[in-house]
Amino acid sequence: LRPADLLPPPRPLACFRSSRFEPYLVLRTDEAPPYDEAFRGYGKNKIEFVARLRYSGFAFAVLPVGFVCHCPHPVSSDKRAWLKLSRGHHDSDRLYKDSVAKLLANLQPANRTWLCKDRPLSSPSP
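Scope of this entry: the structure provided in the associated data block. (Residues numbered from 1 in each chain as written. Predicted model: local features only at pLDDT ≥ 70, side-chain atom pairs only at ≥ 80, totals over all residues. Heavy atoms only, no water.)

**Some details on the overall build of the chain**
The helix and strand inventory of the chain stands at 3 helices and 4 strands. In terms of overall dimensions, the chain has C-alpha extents of about 55 × 35 × 30 Å along its principal axes. By residue count, 23% of the 126 residues in the chain fall in the buried class. In the chain, the proportion of contacts linking residues at least 24 apart, taken out of those at least 6 apart, comes to 79%. (Helix = DSSP H or I, 4+ residues; strand = E, 2+ residues; numbered from the N terminus. Buried < 20%, exposed > 50% of the residue type's maximum accessible area, 1.4 Å probe, protein only. Contact = heavy atoms within 4.5 Å.)

This is the structure in structure tokens:
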């Protein structure tokens, strides 16, 4: 047996509790869509990317045994500038809304990972 054979399998994630969720992701680079280069500086780039994955039919799972490390870093000048504006008044907010509207316009309803509050009754529970 290999060590990986002793680990519990990934647990499917049926829905997301929030559209603002920024999970750590593991994707094959040949399958992942590119980041939207319109997002510059700070704000909404990862949220938009996860939304694109959710609306494009990617399946999500939680690895029950594993960990990642995030090393704290100083607040960037882009984030400081972003924090000075009130919520909803950033270029990234407009870009995010426009991107999600385009995704929804081209959406195949069965081909998405729903938000839990919007999930159809026929979908499995989280």
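Structure shown, so let's carry the discussion forward.
**Observations concerning the state of the cysteines**
What the rule picks out here adds up to 1 disulfide. With no disulfide of its own, Cys69 lies closest to Cys71 among cysteine sulfurs, the gap being 6.5 Å. Judged by relative accessible area, Cys69 falls into the exposed class, the value being 63%. Residue classification places Cys71 among the exposed residues on the basis of a relative accessible area of 59%. (Disulfide = S-S within 2.5 Å.)

**Some remarks on the pattern of salt bridges**
Scanning all chains against the criterion turns up 7 salt bridges. Between Lys44 and Asp93 there is a salt bridge whose closest N-O contact spans 2.3 Å. Here Asp93 lies in helix H3 (residues 91-105) and Lys44 lies in the loop between strand S2 (15-16) and helix H1 (45-55), a separation of 49 residues in the sequence. Neither residue differs from the other here; Lys44 and Asp93 are each classed as buried. For the salt bridge of Lys117 with Asp118, the shortest nitrogen-to-oxygen distance reads 3.2 Å. A relative accessible area of 71% means that Lys117 is categorised as exposed. (Salt bridge = Lys/Arg side-chain N within 4 Å of Asp/Glu carboxyl O.)

**Describing H3**
For H3, spanning 15 residues, the distance from its first C-alpha to its last is 21 Å, which sits close to the expected 21 Å at 1.5 Å a residue. Buried residues of H3: Ser92, Asp93, Leu95, Tyr96, Ser99, Val100 and Leu103, and no others. Buried residues of H3, viewed axially, fall in a sector of 160°; they line one side. What points out from H3, more than 90 degrees from its buried face, is the exposed set Asp91, Lys97, Lys102 and Ala105. Looking at the buried positions of H3, the neighbouring elements they touch are H1 and helix H2 (77-84). (Expected span 1.5 Å × (residues − 1). Arc of directions from axis to C-beta.)

**Some thoughts on the nonpolar core**
Counting residues in each nonpolar core, the largest one holds 9 residues, listed as Phe39, Ile47, Ala51, Tyr55, Leu95, Tyr96, Val100, Leu103 and Leu107. Among the secondary structure elements, those contributing two or more residues to this core are H1 and H3. In terms of residue count, the dominant contributor to this core is H3 (4 residues). If sequence neighbours within four positions are ignored, Tyr55 has contacts with Val100, Leu103, Leu104, Leu107, Asn111 and Arg112. Core analysis: the next-biggest nonpolar cluster, separate from the first, contains 6 residues, Phe16, Val50, Phe60 and Leu115 among them. (Core = buried A, V, L, I, M, F, W, Y, C linked by side-chain atoms within 4.5 Å.)

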